[in-house]
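Structural characterization, general
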Amino acid sequence: MYSLEYESEWEERFSKLDNGVQVRIWKKVLQIKAGLPGRHLGAGVDYFVEEVGQYRIAYKSFEKERTRRFYFVGT
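Residues numbered from 1 in each chain as written. Predicted model: local features only at pLDDT ≥ 70, side-chain atom pairs only at ≥ 80, totals over all residues. Heavy atoms only, no water.

Let's talk about a nonpolar patch on the surface
On the surface, Tyr 6, Trp 26 and Leu 30 cluster together into a nonpolar patch covering about 270 Å² of accessible area. Its place among the elements puts Trp 26 in helix 2 (residues 19–34). (Patch = residues over 30% accessible without salt bridge, like charges linked within 9 Å, V, L, I, M, F, W, Y side chains within 5 Å. Areas by Shrake-Rupley, 256 points an atom, 1.4 Å probe, with all protein chains shown as cover. Salt bridge = Lys/Arg side-chain N within 4 Å of Asp/Glu carboxyl O. Helix = DSSP H or I, 4+ residues; strand = E, 2+ residues; numbered from the N terminus.)

Structure below.
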């Protein structure tokens, strides 16, 4: 299991989403917390991205600290 951290903009973006979308995204966040990171955002970029329908979740994984920091959620 990883600990989770969020950038300040994450909460603002997440709160603007519909409740149904928030639930789906939260389920994906819990999967990210428990498992392996998703695909890299691009070659040589430290960010990972997960998809939930048309929405994207961007985050970094810090293996030494066992932390996942979330930066963006949205379309």
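Comments concerning the environment of Trp 26
With relative accessibility at 39%, the residue Trp 26 sits in the partly exposed group. A sequence separation of 26 residues divides Trp 26 from Val 52, and the C-alpha atoms of the two residues are 10.0 Å apart. (Buried < 20%, exposed > 50% of the residue type's maximum accessible area, 1.4 Å probe, protein only.)

A closer look at the pairing of strand 4 (residues 55–62)
It is a general feature of regular strands that their side chains alternate between the two faces of the sheet. Counting buried residues along strand 4, 6 of its 8 residues qualify, which places the element largely inside the surrounding structure. As paired strands, strand 3 (residues 48–52) and strand 4 are joined by 5 bridges and run antiparallel to one another. Bridge pairing links Phe 48 to Tyr 59 in strand 4. The sheet contact formed by strand 4 and strand 5 (residues 67–74) spans 7 bridges and is antiparallel. Counted as the bridge partner of Ile 57 is Val 73 from strand 5. (Pairing = 2+ DSSP bridges.)

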